[in-house]
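# A structural walkthrough
One-letter residues, chain by chain:
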Amino acid sequence: MILVNTPGTWSNVYAPFLHSDWHGYTQIDLLFPFFLFIVRTSIAFSYNNKKAMKTTYKKITVRALKMEFMTVIPDTWRRTCQLHRTPD
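In this text, all values refer to a predicted model and were calculated from it rather than measured experimentally. (Residues numbered from 1 in each chain as written. Predicted model: local features only at pLDDT ≥ 70, side-chain atom pairs only at ≥ 80, totals over all residues. Heavy atoms only, no water.)

Quick look at the overall build of the chain now. When helices and strands are tallied, the chain shows 3 helices and 0 strands. Order of helices (α) and strands (β) in the chain, N terminus to C terminus: α-α-α. Of all 88 residues assigned to the chain, the portion counted as buried reaches 5%. Surface summary for the chain: the accessible area is close to 8600 Å², and the carbon and sulfur share equals 65%. (Helix = DSSP H or I, 4+ residues; strand = E, 2+ residues; numbered from the N terminus. Buried < 20%, exposed > 50% of the residue type's maximum accessible area, 1.4 Å probe, protein only. Areas by Shrake-Rupley, 256 points an atom, 1.4 Å probe, with all protein chains shown as cover.)

Listed below in structure tokens is the structure:
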């Protein structure tokens, strides 16, 4: 997804990494939904043998929130730094 959404320069992009126009889709547009499907399936398999208890759901929720904050906070910081950068 990093290569697809931020290729470095939009004037020189590897053609299969381009998104489709408004109508239609390419194989690369299906990458993220399939990734989410694999993640959800792996969570289901990893917690298949666990008993349905509050602690199990709490662990899943806490881990998901940690992962979310590990991505949101650095991205927010990066965007803030770009806003305050002075033009050269």
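Let us look at the environment of Asp-29. Residue position: Asp-29 is located in the loop between α1 (2-5) and α2 (31-46). The class of Asp-29 is partly exposed, set by a relative accessible area of 22%.

On to a nonpolar patch on the surface. Where nonpolar side chains cluster on the molecular surface, the patch consists of Phe-32, Phe-35, Val-39 and Ile-43 and spans about 340 Å² of accessible area. Following the sequence through the fold, Val-39 ends up in helix α2. (Patch = residues over 30% accessible without salt bridge, like charges linked within 9 Å, V, L, I, M, F, W, Y side chains within 5 Å. Salt bridge = Lys/Arg side-chain N within 4 Å of Asp/Glu carboxyl O.)

Moving on, we come to the confidence of the model for the chain. Residues at a pLDDT of 70 or more form 84% of the chain, whose mean pLDDT is 78. Looking across the chain, the model is least confident in α1, with a mean pLDDT of 69, and most confident in α2, with 87. (pLDDT = per-residue confidence, 0-100.)

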